[in-house]
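# What the coordinates show
Listed below are the residues making up each chain.
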2 protein chains.
Amino acid sequence: MKLSTRGRYGLKAMFQLALHFGEGPIPLNVIASQQELSENYLEQIFSVLRKVGLVKSVRGAQGVYMLAKHHKNITVGNILRVLEGDMAPVYCVTDDNSSCHREEKCVTRLVWKKMKDSINSVIDSITLQDMVEEQKEIEKANKSVGGF
Amino acid sequence: MKLSTRGRYGLKAMFQLALHFGEGPIPLNVIASQQELSENYLEQIFSVLRKVGLVKSVRGAQGVYMLAKHHKNITVGNILRVLEGDMAPVYCVTDDNSSCHREEKCVTRLVWKKMKDSINSVIDSITLQDMVEEQKEIEKANKSVGGF
DNA sequence: ATGAAAACCTAGTAATGTGGTTGGAATTGA
DNA sequence: TCAATTCCAACCACATTACTAGGTTTTCAT
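Okay, so let's go over this structure. Since we're looking at a predicted model, the values are computed, not measured. (Residues numbered from 1 in each chain as written. Chains lettered and ligands numbered in written order. Predicted model: local features only at pLDDT ≥ 70, side-chain atom pairs only at ≥ 80, totals over all residues. Heavy atoms only, no water.)

### Quick word on helix α2 (residues 28-35) of chain B
Residue and element names in this part refer to chain B. Definition in use: Relative accessibility decides the category of a residue: with a 1.4 Å probe and only protein chains considered, values under 20% of the type maximum give buried, values over 50% give exposed, and everything between is partly exposed. Secondary structure is summarised from DSSP: a helix means a run of H or I of at least four residues, a strand means a run of E of at least two, and numbering begins at the N terminus for each. Directions pointing from the helix axis toward each C-beta atom define the arc.
Within the sequence span of α2, burial applies to Leu28, Ile31, Ala32 and Gln35. Projected onto a plane normal to the axis of α2, the buried residues spread over an arc of 100° and lie on a single side. Looking one or two residues past α2, Glu36 carries a phi angle of roughly 55°, positive in sign.

### A word on the protein's contact with DNA strand C
To keep things clear, this is the line we draw: Residues are counted as near a molecule or strand when any one of their heavy atoms sits within 4 Å of it. Counting of polar contacts relies on pairs of N or O atoms within 3.5 Å, with two restrictions inside protein: one atom must be capable of donating a hydrogen and the other of accepting it, and residues adjacent in sequence are counted only when both atoms are side-chain atoms.
Near DNA strand C there are 27 residues, and of these Ser57(A), Tyr65(A), Tyr9(B), Asn40(B) and Gln44(B) occur at the shortest range. The contact atoms of DNA strand C, taken as those within 4 Å of the protein, divide so that sugar and phosphate hold 66%. At 3.3 Å from a base nitrogen of DNA strand C is found a main-chain nitrogen or oxygen belonging to Ala61(A). Contributing elements (two or more residues each) for the surface near DNA strand C: α2 (28-34), α3 (39-51), β1 (55-58) and β2 (64-67) of chain A together with α1 (5-19) and α3 (39-51) of chain B.

### So, the packing of helix α6 (residues 128-144) of chain A against helix α5 (residues 107-124) of chain B
Convention followed: Under this scheme, a helix contributes an axis fitted over its contacting stretch, all axes are lines through C-alpha atoms, and angles between N-to-C directions fall in the 0 to 180 degree range. Under this scheme an angle from 65 to 115 degrees is roughly perpendicular, one under 35 degrees roughly parallel, and one over 145 degrees roughly antiparallel; angles in between are oblique. Rotating anticlockwise by less than a right angle from the far helix to the near helix defines a left-handed crossing, while the corresponding clockwise rotation defines a right-handed one. Note on contacts: a residue pair qualifies if any of its non-hydrogen atoms lie within 4.5 Å across the two residues. Residue classes follow a fixed rule: Ala, Val, Leu, Ile, Met, Phe, Trp, Tyr, Cys and Pro count as nonpolar, while Asp, Glu, Lys and Arg count as charged, and any other residue, Gly among them, counts as polar.
In the contact formed by α6(A) and α5(B), the axes pass within 9 Å of each other and the chain directions differ by 120°. What the angle tells us is that α6(A) and α5(B) run oblique. For the pair α6(A) and α5(B), the sense of crossing is right-handed. Taken together, the residues of α5(B) that come into contact with α6(A) (itself represented by Met131(A), Glu134(A), Gln135(A) and Ile138(A)) are Val107(B), Thr108(B), Leu110(B), Val111(B) and Lys114(B). A breakdown of the residues in the contact of α6(A) with α5(B) according to their chemical character gives 5 nonpolar, 2 polar and 2 charged.

### Describing the protein's contact with DNA strand D
Near DNA strand D you find 27 residues, and of these Tyr9(A), Gln44(A), Leu28(B), Ser57(B) and Tyr65(B) are the closest. Here, DNA strand D places atoms within 4 Å of the protein, and 67% of those atoms are sugar or phosphate. A distance of 2.7 Å is found between a phosphate oxygen of DNA strand D and a side-chain nitrogen or oxygen belonging to Tyr9(A). With respect to DNA strand D, the side chain of Glu43(B) contributes an N or O atom lying 2.9 Å from a base nitrogen. Of all the secondary structure elements, the ones that give two or more residues to the surface near DNA strand D are α1 (5-19) and α3 of chain A together with α2, α3, β1 (55-58) and β2 (64-67) of chain B. With 5 residues, α3(B) is the single largest residue contributor to the surface near DNA strand D.

Here it is, written out as C-alpha cells:
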C-alpha cells in the first residue's frame with residue numbers, strides 16, 4: 001500500500017512549480033537538482049503531466065515548464081491519479097473495473113470502497129495553493145523563533 | 001497504491017471465519033476452496049495472523065483455525081496492518097520512519113500524513129462484526145425480492 | 001548560421017517485490 | 001497406524017519499479 005516514486009516525485013515537483021508561481025517558470029534541471037532527482041526520470045513524469053494538461057512547456061534553449069492553470073485549481077488528487085492511476089486500494093473498486101463478477105453482494109468490496117472514498121476525499125480537498133500557504137506558514141514560524 | 005493479495009485474501013478469509021463464528025471453526029482447505037485460493041499460500045498468511053494472535057489453530061487431523069477473540073473486537077485495520085505493514089502511503093510517515101531528514105518542515109509530508117490518518121481511521125472503524133451484519137442485511141434484502 | 005540548452009522520445013535494464021509452488025516435518029483424531 | 005491437517009523453509013517465475021542511456025527536435029543567444 002505504498003505510492004510509487006512517480007506520485008511522490010511528481011507532487012513534489014508540482015509543488016515547486018507552485019511555490020515559484022509568480023517568479024516565472026523553471027527549467028526541469030533546476031527542479032531535479034533541488035529535489036535531488038534524476039532529470040531524465042523527472043522528464044518522463046512531466047511528459048505525462050503535460051499530456052493531461054497539468055503543466056505546459058516551452059521548448060528549445062531556455063525552455064521551461066510551468067503550471068497549466070492557477071495552482072488553486074490543481075489538487076493533489078489531480079496529480080496523483082494521473083501518475084498513480086485510480087487511487088483505489090484494490091482493482092474491483094476502480095472506475096474501469098470490468099472484473100469482479102460478485103459486484104454488489106460482496107461485503108469486502110464495501111470496505112475497499114470506503115477506503116477509496118476516504119483517500120480521494122482527502123487528496124481532492126488539498127490544492128497546491130493550500131500547500132504553498134502551509135509552506136509560508138512554516139517559514140514564518142521558523143523565522144519568528146530565530147530561524148533554522 | 002494497491003493492496004497486495006496478502007491483505008485482500010487475509011481479510012476475506014478472516015471474514016469467512018467471522019461469518020461462521022457460532023458454527024464451529026473451519027479447516028483452511030475449506031476456506032481456500034471457497035475463495036478459490038491456493039491453500040499453501042493461505043497457510044503463509046494464516047501463519048502471520050496466528051503469530052500476532054488474531055487467530056488460533058488446532059493441529060493434527062481435523063485441525064482447524066478460529067478467531068482468537070470475538071469478531072467484534074477485530075478490526076479491518078488490525079488485519080491489514082499485520083499483512084500489509086503500516087498502512088501509510090509513503091515510508092516517511094510510517095511509525096518506524098528512521099529516514100526523512102527534513103521531517104517537520106516538509107509540506108508534502110503533511111499531505112501523506114493526512115492520507116495515512118484518513119485510511120487508518122476508516123479501517124479502524126470497521127470490525128469483522130460490522131461486516132457480518134452487513135452481509136446479513138444483504139442476504140435479507142436479496143431474499144425479500146425473490147432471492148437468486 | 002551555428003552552437004548550446006533545453007524539451008521530447010524510446011528502448012533497455014538491474015533490482016526488487018509479488019504471488020505463488022514444492023516438499024517436507026510435526027501433530028493428532030479416527 | 002494412517003490420514004488429515006497445521007506448520008515451516010526454501011525456491012522460483014514473472015511483473016513492476018526506478019531508473020539509465022542515448023538519442024531527436026526545437027529554439028534562443030551569439
